[in-house]
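Listed below, chain by chain, are the residues.
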Amino acid sequence: GTDGVLEVYAGSNLVRRFMKIDKLSTATGTDNGVDRPYRFGYGMLDANLNGKVDSDESKKVYFEFSDYSTSYIFYEDP
């Protein structure tokens, strides 16, 4: 979907939220094309975790996270 939200957790605590994500992509090896164990995308960092993109958070940022060790939830913004 479009306008997705990615929440990253440390245990039960929300530590990062990225908003307005078009898609998450799986990284592939440059030489062999094999999937790598991380995903990446671009979105707005909700630095204060208030659930909206404030004026000082209006720049898209690149992010990546491990499929193996990162607790995350990705969902379409309702």
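Residues numbered from 1 in each chain as written. Predicted model: local features only at pLDDT ≥ 70, side-chain atom pairs only at ≥ 80, totals over all residues. Heavy atoms only, no water.

Description of the overall build of the protein
- Per the secondary structure count, the protein includes zero helices and six strands.
- Walking the protein from its N terminus toward its C terminus, one meets helices and strands in the order β-β-β-β-β-β.
- A principal-axis box enclosing the C-alpha atoms of the protein has dimensions of 40 × 25 × 20 Å.
- Within the protein, buried positions represent 27% of all 78 residues. (Helix = DSSP H or I, 4+ residues; strand = E, 2+ residues; numbered from the N terminus. Buried < 20%, exposed > 50% of the residue type's maximum accessible area, 1.4 Å probe, protein only.)

Considerations on the pattern of salt bridges
- Under the defined criterion, the tally for this structure stands at three salt bridges.
- The partner of Asp46 in a salt bridge is Arg17, with the nearest N and O atoms 2.8 Å apart. Of this pair, Asp46 sits in the loop between strand S4 (35-45) and strand S5 (60-66) while Arg17 sits in strand S2 (residues 13-21), placing them 29 residues apart in sequence.
- One salt-bridge network, in which partners are shared between bridges, spans Glu7, Arg17 and Asp46. (Salt bridge = Lys/Arg side-chain N within 4 Å of Asp/Glu carboxyl O.)

Looking at the environment of Leu49
- Note that Leu49 resides in the loop between S4 and S5.
- We classify Leu49 as partly exposed; its relative accessible area is 31%.
- Along the chain, Leu49 and Arg17 lie 32 residues apart, while their C-alpha atoms are 6.4 Å from each other.
- Excluding residues within four positions of it along the chain, Leu49 makes contact with Leu14, Arg16 and Arg17. (Contact = heavy atoms within 4.5 Å.)

Points about the confidence of the model for the protein
- Scored by pLDDT, the protein comes out at a mean of 90, with 97% of its residues at no less than 70.
- Strand S3 (residues 25-28) is the least confidently modelled element of the protein, averaging 86 in pLDDT, while S2 averages 95, the highest of any element. (pLDDT = per-residue confidence, 0-100.)

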